[in-house]
Amino acid sequence: MEAKKIQNYIDGEWVDSKTQDYLEIRDPAWGELLAIAPMATPREVNDAVKAAQNAYPSWRNTPPVARARYLHRLIALLEDNFDELSMVQTKEHGKTIDESRGETRRGIEMVEVATGIPSLMQGTNIEDVAMGMDEYLINQPMGVFCCIAPFNFPFMVPLWFIPFAIACGNTFVLKPSPRTPMSQVELFKLMDEVGLPPGVVNLVHGGSEVANGLIEHPLIQGVTFVGSTPVARQIYRKCGVEGKRVIAQAGAKNFIVVMPDAEIEQTLVSLITSFFGNSGQRCLSGANLLIVGDDNFYRDFVDKFVDMAVNIRVGDGLDETVQMGPLQNADSKKRVIGFIEKGISEGAKLVLDGRKLNLVGGVPETCFLNPSVFENVTPDMTLAKEEIFGPVASILRTRDLNECITLISASPFGNAASIFTNNGKWSRQFQHEVVAGNVGVNVGVVAPMAFFPFGGRKDSFFGILHGQGREVIRFFTEPKIVITRWF
Amino acid sequence: MKLNTMAAVMSFVTKLENDAALFYQGWAAKFEELEDIFSAWSKENKTFEKRVKQTYFGVITDAIESTFSFGRLDTTDYEFDSDLPEGANLQDVKKMAMEIEATLTNFYFEAAQQSEGLMADLPRLFKHIANKREDRLTKLSL
């Protein structure tokens, strides 16, 4: 049977790409061919941007409250299709169905917040800046924006940007990850059903050539990106050269501190989710586990953590008893294995070897790893420094909270950091001093809600304004100052 | 079977509530004394299932540890046999109903306890349903 060809969505129409270059999209659990996705041509990229530019004048003149009504209709459709949207995420990415449902919910929350645009976009004013003169600020949309999306949250991440951008009156071009494009196809089917005017949202598939085509296109006003640090840095530089605004959310190496007074049982469940949820393929995953406490506390805690990790059921994410799915593709698995081997060669102690597979449901081994846990990791080791993006926990023993904060400060990354404790003073010191954009207190995955910005510092973020919340409204608008005097 | 994810708990809730609803629907038609109450409970079972699903879909986020929240729930502890012979009398039916409600009460209390530290809305709903079932037990024992 011929694989289903994914289409681009340009100017309100589903269109076949003219390219000869297609990428196979396979279910990472079973290896089944799900579809083939085009690597769009430069002309198609241009068509999409042009369509967005043509749609912009009338869309920006559509009242914000009317723009919000399109989003209200989209929410209703998203709710109606909640489970189908979640299934597609699991099929193309491999995450568990619970994780996909969580992702769907988070995506919908973004649209919900964006419907508040008539309030969120309001400006400010003051009378009598001078005798008989008034001054006010209005927030205006800018034109065409684009998003270059990652593979790990194929449904949610584009929704960090699209609903806010179009609610502000901009138009949009999305390039999903070539590894996981199907979730966005489903979303765009619903946006088509909502009846958005042609060209307001456009979808072009492809890899780095399409991304560069968008970034360099003179009609693109700003770029949003989520992905690795090297690429984020490159995009940030390029946007600087092009004079475009940019949100580039990048890689991470997140630290989790466990103090000796932590609530053990609840902490363990949170840590297991943090380190092994989404198979470790998220920028908010725990990576380095810093344990403070005496020998007994340390041993007891680590043994329990390893015991829970051993018992995680790994298999097809659509099996409801499965708690961890595969890596998204075989290359990702190979990359993670490389880190495990490096950890061993640098002297860390592998106490749980995820390369020894224990899978449920008879799935092929191609993309799977079980959880791995290293002890005796030191800050200079590759395991402690580099982003692994897989189900590997590195445990570092630390003397006290000050040492933990010093270690976290020394990391080039600054996406998330968490502390588990019952002590208010430690907690307060941690949140005050730690250099990370998202800080958790007894929370393992510090995912900001849609109405707060998604933090990120140091090499985990390039830009000024962050995604989500009021900051992204500011990103997608330009303030205009008006001063009036009437004679 | 161990229920270790919220997705699995949701599917099991659907099975439990549907099985119990079928039991009430079937016997409501056979005993006039039970018709009103069993018909109402059959409908309410569907509502319970719907509310669990709505709450689950409504509150689940990737920050919520739904994949690892349940460790000690086992379906074998909460399975019930709702088959009664055609000629069963009123007392037999009431006795079976009490067994079903006691089983479901235990299930919801245990599910609430296991998910308590992690998900606010679901344990609250699980407790609410367990309390409702305790009310049913009281009615059945009268």
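Reading guide: rules and limits
- Residues numbered from 1 in each chain as written.
- Chains lettered and ligands numbered in written order.
- Predicted model: local features only at pLDDT ≥ 70, side-chain atom pairs only at ≥ 80, totals over all residues.
- Helix = DSSP H or I, 4+ residues; strand = E, 2+ residues; numbered from the N terminus.
- Buried ≥ 20, exposed ≤ 12 C-beta atoms within 10 Å, placed from the backbone.
- Contact = placed C-beta atoms within 7 Å.
- Domains from an automatic or database assignment.
- Nonpolar A, V, L, I, M, F, W, Y, C, P; charged D, E, K, R; others polar.
- Axes fitted to C-alpha atoms, helices over the stretch in contact; angles between N-to-C directions.
- Parallel < 35°, antiparallel > 145°, perpendicular 65-115°, else oblique.
- Left-handed = near helix turned anticlockwise from the far one by under 90°.
- pLDDT = per-residue confidence, 0-100.

S.K.: Looking at this structure, I do not really get the overall build of chain B. What am I missing?
M.R.: For chain B, the count of helices and strands is four helices and two strands. In chain B, the succession of α and β elements from N to C terminus is β-α-α-β-α-α. Referenced to the eigenvectors of the C-alpha coordinate spread, the extents of chain B come out at roughly 50 × 25 × 20 Å. A buried classification covers 37% of the 142 residues belonging to chain B. Sequence separation of at least 24 residues holds for 72% of the intrachain contacts in chain B that already meet a minimum separation of 6.

S.K.: What is the right way to read unusual backbone geometry from this model?
M.R.: The general pattern is negative phi for most residues beyond glycine and trans for most peptide bonds. All names here are of chain A. Non-glycine residue Asp11 carries a positive phi angle of around 55 degrees. With respect to the helices and strands, Asp11 occurs in the loop between strand S1 (8–10) and strand S2 (13–15). A residue is classified by how many C-beta atoms lie within 10 Å of it, and Asp11, with 18 of them, is partly exposed. We note that Gln468 has phi near 70 degrees; this positive angle belongs to a residue other than glycine. Looking at where Gln468 falls in the secondary structure, it is placed in the loop between strand S21 (461–463) and helix H17 (469–475).

S.K.: Just to check I follow, could you spell out the domain arrangement of chain A for this structure?
M.R.: Think of interface size as the accessible area that goes away when the parts come together; that is how it is often given. Residue and element names in this part refer to chain A. As assigned here, chain A comprises domain 1 (8–250 + 460–485) and domain 2 (254–441). Spacing between the C-alpha centres of domain 1 and domain 2 amounts to 32 Å. The partner domain 2 presents 24 residues to the 16 residues of domain 1 that form the contact. Of all the secondary-structure elements, those providing two or more residues to the side of domain 1 that touches domain 2 are helix H3 (82–93) and helix H4 (97–114). Residues belonging to the side of domain 1 that touches domain 2 are distributed by class as follows: six nonpolar, seven polar and three charged.

S.K.: Whenever I open this one, the packing of helix H1 (residues 6–28) of chain B against helix H3 (residues 90–115) of chain B confuses me. Can you help?
M.R.: Any two packed helices are characterised by how steeply their axes cross, that is the angle between the axes, and by the distance between the axes. All names here are of chain B. As a packed pair, H1 and H3 sit with axes 11 Å apart at the nearest point and diverge in direction by 160 degrees. Accordingly, the angle class assigned to the pair H1 and H3 is roughly antiparallel. As for the relative orientation of H1 and H3, their crossing is left-handed in sense. Where H1 approaches H3, its residues Val9, Leu16, Ala20, Phe23 and Trp27 are matched on the opposing element by Val93, Ile100, Leu104, Phe107 and Ala111. Of the residues contributing to the contact of H1 with H3, the split by class is 10 nonpolar, no polar and no charged.

S.K.: Got a minute to help me understand the environment of Val226 of chain A in this structure?
M.R.: All names here are of chain A. Positionally, Val226 belongs in strand S10 (residues 220–226). Remark: the alpha-carbon pair of Val226 and Val434, spanning 208 residues in sequence, is separated by 23 Å. Setting aside residues up to four positions removed in sequence, Val226 forms contacts with Ala149, Pro150, Val157 and Gln249.

S.K.: When you look at the confidence of the model for chain B in this model, what are you seeing that I'm missing?
M.R.: Caution applies to low-pLDDT parts of the model: their predicted coordinates are not meant to be read in detail. When pLDDT is averaged along chain B, the result is 89; 93% of the residues meet or exceed 70. Scored by ipTM, the complex comes to 0.83, with pTM at 0.94.

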